Amino acid sequence: MSFLHPAAFAGLASILLLILLSLWRQRPTRVVVPSVRLWEKIPDRLPPVRSMRRPRAGLSLLLQILAAAALVTAMAGPGVVRPRAAPRRIAVVVDLSAPMIPRMDDARRELAKLDPADDIVLIESPSLARHERWGDLSPLTPIERAGDPRPALDLAASEAKRIVFVGDRSPAWSPPPGVTLHLALVGGPLRNVGIVDAHVEAGKIFLRLSSPSEVDLNLDGHARRLTGAATYLVEIPEGTRRIEAALTPDDFAADDRVLLEREEGPVDVEFEGRPDSALRAAIEANSRARIVRNGNPRLRIRVGASAGRTAPVVVDVDPPGGVEGWLEPGSLAVVPHALTRGVEADDLRFSQVGKIAVPVEAALIHGPGGIPVAAVVKPGEIVLAVRYAANGWPARPSFPIFWANVVEYAGSGAGAWRARGLLDEAASRLGMERRPLDPAALGERPLAPVRTDFTGGSIVLAGLLVALLWGVERRSGDSE
Amino acid sequence: MVFDGEFLKRLEALRVAVRRVLHGRREGERPGSRRGGSSVFHSYRSYAQGDDFRSIDWSLYARLETLFVRERTRDEAPTLHLVLDATPSMSFGSPPKLDLARRLGAALGYLVAGEGGEVTLWTGTNSRTFRGDGSVPEFLEALGSAAGGGRPSESLARISGRGLVVAASDFWDEDLPQALGAAAANHQVTLLHILAREEFDPPIRGRVRIADSESGDSATRFIAEEELARYRSLLEEHIVGWRSWAIKHEASYLRVASDEPFEKVCLLYLRGEGVLE
């Protein structure tokens, strides 16, 4: 037993006062009567034993002493200090990237090995969401993409000296000095074939699998089964809007199904650089085009800019870095293509044309000597290496026709297919390491002095004694 | 000290009973011990030289041939000696015993003075005499302020003559029996024994030091029901003793508690005991 304020025991002197007060109260009471004559004739006698004991007075004094002692004890702040195992601070990082989707039951089993009595903070990777309360683990849900656990481990190292990592492979991360990393790896071989890549290009769907397998293809309700290969290039009927490719379900179902949908409706267009008013007017005149700013456009028209590709369809006009040199326009030829539909060579009155350095598959316009000056360098990326004056090409009918073709291309051609359920390659790469968590390796809990305080109990006890005393005094008063 | 009109009307219909022949100083309506003056026949005696011839009963002389003189008494007003115990013990009770003593004394004095009598108020060795109904206000004022006197036995030792002696006291004075015995030889004595309710049933329990209000003596006793029963028995003996004393000395005795309604005591108890008629 220890006391926070031992000096308070000086208050026990009040017990002595209570005893003296009680003795003073027990002295013979002086009563004045008109005459003592009759009383003198009554022989005195010793009080009977039961009266000598004065049970009520004795009980009252006892209760007073006990109540005073309890109050004094409460003021002294009693308590018991015992060494008790202190909770360990543990930061638990749970990898919730896509490869963990089939591992979550194992991960929860590993997490259940931890002692809830410890001071545990749970950090999700890669979202870095923190959970101080260690309770229901069922809400832990992996995301359908890959993730790097290192930021979460860095965060964990700033929170605790003991880190438990739950994942399907060892993280490429080293704990800082003084921090120990305990692995709970739940990887291992799984029966899995997944779709690694899927896109539509030039009227064909391209599929790549992690290993050869059968694929069930559904083209707007028309089913086809593809067999025997790891890559497929299949023509799709014109006008197809929805393609579903599915593998036979296995242990990792996240990469077993891909849905490609053709996007229709408005085409968000963003300009980069300084487009001339004719170009802007041609785009704005198209009812399907919608000019946006700071969004995620389907079509980006870059004029004199050289940033990376940031939209499904990008048109570089007068690209500063992508042209080997500028030429006189000379005689121009237009190759039949969806983008050059309705475009007449006579209308192409440029002031200069650029020589595109990279050989391209789809050259739209050829300049002098057959040099391509406008081309689809790859699906969704168009280079238009031309310079034109306001009274040149923009003044001709093919100018708005070409840009209407571009909007149409962006809205329904290459880059207009959206794939759903397609994991990136890293996300579908499953970890193979398996190492159960050894809770004993976390070390013993440190012993820390823990004080159990009895002040409240002492106050309650004193209150009860005072209530009891009040009852005894009241009964005593009633009986007198 | 004020009596209400209704009470006074009922009080004035009464008068102090006189059982003995008075020896008053003032002429009144009561037969006195002194001869002559009135038409009330008292007795015969042999004629002696010098007697008034008019008092000779000639019809008796015709039958007995001896001269007898008819003696008549003189009507006298009563003389009241009101002995008021104003010692500290009389201040006990609720209301105090002295209050009832004063009011009873006032009623008796009022009646006596009202019929032309003489009232002497005694408190210890102090006395003051009031004569006739004109002195009533003065008497009542003196009675109201009477306090702190000596013991009633001291008063009784100083009373002379013959008349009515009314002692209003709690009768704890140990010399009272002797003093009253001497007074009873010459006076018609009335004892108004006034006790407080607390004296009948003392609220005392446990170990107590009982102190006398006058002498300062004290006795330490353990008081329980047994002792209280003994006390009540002794008190009863004390009261019976005084009642016996009254019978023996042809005195009137009324024991009354200080909290009894005054009108009831005055109009009912005093009449019942023959103090008033």
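Structure first, text after, so check above.
Quantities reported herein were computed from a predicted structural model and do not represent experimental measurements.

Quick notes on the rules
Residues numbered from 1 in each chain as written. Chains lettered and ligands numbered in written order. Predicted model: local features only at pLDDT ≥ 70, side-chain atom pairs only at ≥ 80, totals over all residues. Heavy atoms only, no water. Helix = DSSP H or I, 4+ residues; strand = E, 2+ residues; numbered from the N terminus. Buried < 20%, exposed > 50% of the residue type's maximum accessible area, 1.4 Å probe, protein only. Contact = heavy atoms within 4.5 Å. Areas by Shrake-Rupley, 256 points an atom, 1.4 Å probe, with all protein chains shown as cover. Salt bridge = Lys/Arg side-chain N within 4 Å of Asp/Glu carboxyl O. Arc of directions from axis to C-beta. Buried area = accessible area lost by both parts, 1.4 Å probe. Nonpolar A, V, L, I, M, F, W, Y, C, P; charged D, E, K, R; others polar. Pairing = 2+ DSSP bridges. Axes fitted to C-alpha atoms, helices over the stretch in contact; angles between N-to-C directions.

1. Brief notes about the overall build of chain A
Phase 1 of the analysis: Scanning chain A from terminus to terminus reveals 9 helices and 27 strands.
Phase 2 of the analysis: The 480 residues of chain A split such that 41% are buried.
Phase 3 of the analysis: The contacts in chain A between residues at least 6 apart in sequence include a share of 67% that link residues at least 24 apart.
Phase 4 of the analysis: Accessible surface, chain A: about 25,000 Å² in total, of which carbon and sulfur atoms supply 56%.

2. Comments concerning the environment of A:Ala112
Phase 1 of the analysis: Topologically, A:Ala112 is positioned in helix α5 (residues 104-112).
Phase 2 of the analysis: In this structure, the C-alpha to C-alpha distance between A:Ala112 and A:Leu137, residues 25 residues apart in sequence, is 8.8 Å.

3. Digging into the pattern of salt bridges
All names here are of chain A.
Phase 1 of the analysis: Enumeration over the complete set of coordinates arrives at 46 salt bridges over all chains.
Phase 2 of the analysis: A salt bridge links Arg-280 to Glu-284, with the nearest nitrogen and oxygen atoms 3.4 Å apart. Of this pair, Arg-280 and Glu-284 both sit in helix α7 (residues 277-284), 4 residues apart, roughly one helical turn.
Phase 3 of the analysis: Of the residues examined, Arg-280 reaches a relative accessible area of 29% and is grouped as partly exposed.
Phase 4 of the analysis: In this structure, Asp-316 engages Arg-302 in a salt bridge whose closest nitrogen and oxygen atoms are separated by 2.7 Å. You can see Asp-316 sitting in strand β17 (residues 313-317) and its partner Arg-302 sitting in strand β16 (residues 299-303), a full 14 residues away along the chain. Both residues of the pair, Asp-316 and Arg-302, belong to the buried class.
Phase 5 of the analysis: Connected via shared salt-bridge partners are Arg-89, Asp-119, Arg-130, Glu-132 and Glu-159.

4. With respect to α5(A)
Residues and elements named next belong to chain A.
Phase 1 of the analysis: Looking at α5, one finds that the buried residues are Met-104, Asp-106, Ala-107, Glu-110 and Leu-111. Down the axis of α5, the sector holding all buried residues measures 155°, keeping them to one side. With respect to the buried face of α5, the exposed residues turned more than 90 degrees away are Asp-105, Arg-109 and Ala-112.
Phase 2 of the analysis: Against the buried residues of α5 lie β4 (89-95), β5 (119-125), β7 (162-167), β8 (180-186) and β26 (434-435).

5. What about the interface of chain B and chain A?
Phase 1 of the analysis: Taken together, the 33 residues of chain B in the interface contact 21 residues of chain A.
Phase 2 of the analysis: At the boundary of chain B with chain A, total buried surface from both sides reaches about 2,700 Å², with 65% on carbon and sulfur atoms.
Phase 3 of the analysis: For chain B, the biggest contributors to the area lost against chain A are B:Arg207, B:Arg221 and B:Phe222; these three give 22% of the whole.
Phase 4 of the analysis: Across the pair B:Arg207 and A:Asp44 runs a salt bridge whose closest N-O atoms are separated by 3.3 Å.
Phase 5 of the analysis: Every element with two or more residues in the side of chain B that touches chain A is listed here: β9 (206-212), β10 (218-223) and α8 (225-248) of chain B.
Phase 6 of the analysis: In terms of residues, the side of chain B that touches chain A owes the most to one element, α8(B), which gives 8 residues.
Phase 7 of the analysis: Each residue belonging to the side of chain B that touches chain A can be placed in one class, and the counts come to 16 nonpolar, 4 polar and 13 charged.
Phase 8 of the analysis: One ladder, built from 5 bridges, connects strand β2 (residues 29-33) of chain A with β9(B); its direction is parallel. When the bridges of β9(B) are listed, A:Val33 appears paired with B:Asp212.

6. Remarks on the sheet that holds β4(A)
Residues and elements named next belong to chain A.
Phase 1 of the analysis: As summarised here, the arrangement of the 6 strands in space is β6-β5-β4-β7-β8-β26, forming an open sheet in which the pairing is mixed. At either end of the open sheet lies a strand with only one pairing partner, and these are β6 (130-131) and β26.
Phase 2 of the analysis: Relative to β26, β8 runs antiparallel, the two sharing 2 bridges. Bridge pairing in β26 places Leu-185 opposite Arg-435.
Phase 3 of the analysis: Across the face of the sheet, α5 comes into contact with β4, β5, β7, β8 and β26 while running at roughly 140° to β8.
Phase 4 of the analysis: Here helix α6 (residues 150-159) sits on the sheet in contact with β4, β5, β6, β7 and β8, set at roughly 165° to β5.

7. Re unusual backbone geometry
Phase 1 of the analysis: Cis geometry is found at the peptide bond from A:Ser125 to A:Pro126, where omega equals 5°.
Phase 2 of the analysis: Looking at where A:Pro126 falls in the secondary structure, it is placed in the loop between β5 and β6.
Phase 3 of the analysis: In this model, B:Ser94 is joined to B:Pro95 through a cis peptide bond whose omega is 0°.
Phase 4 of the analysis: Checked against the element boundaries, B:Pro95 lands in the loop between β4 (79-84) and α3 (97-114).
Phase 5 of the analysis: The phi dihedral of A:Leu128 is positive, around 65°, even though this residue is not glycine.

8. With respect to helix α6 (residues 176-186) of chain B
Residues and elements named next belong to chain B.
Phase 1 of the analysis: Turning to α6, its buried residues number three or more, namely Leu-176, Ala-179, Leu-180, Ala-183 and Ala-184. Buried residues of α6, seen end-on, are gathered within an arc of 140° and therefore sit on one face of the element. Away from its buried face by more than 90 degrees, α6 exposes Gln-178, Ala-182 and Ala-185.
Phase 2 of the analysis: Buried residues along α6 sit in contact with α5 (152-156), β7 (164-169), β8 (188-195) and α8.

Any functional reading would require information that these geometric values do not contain.
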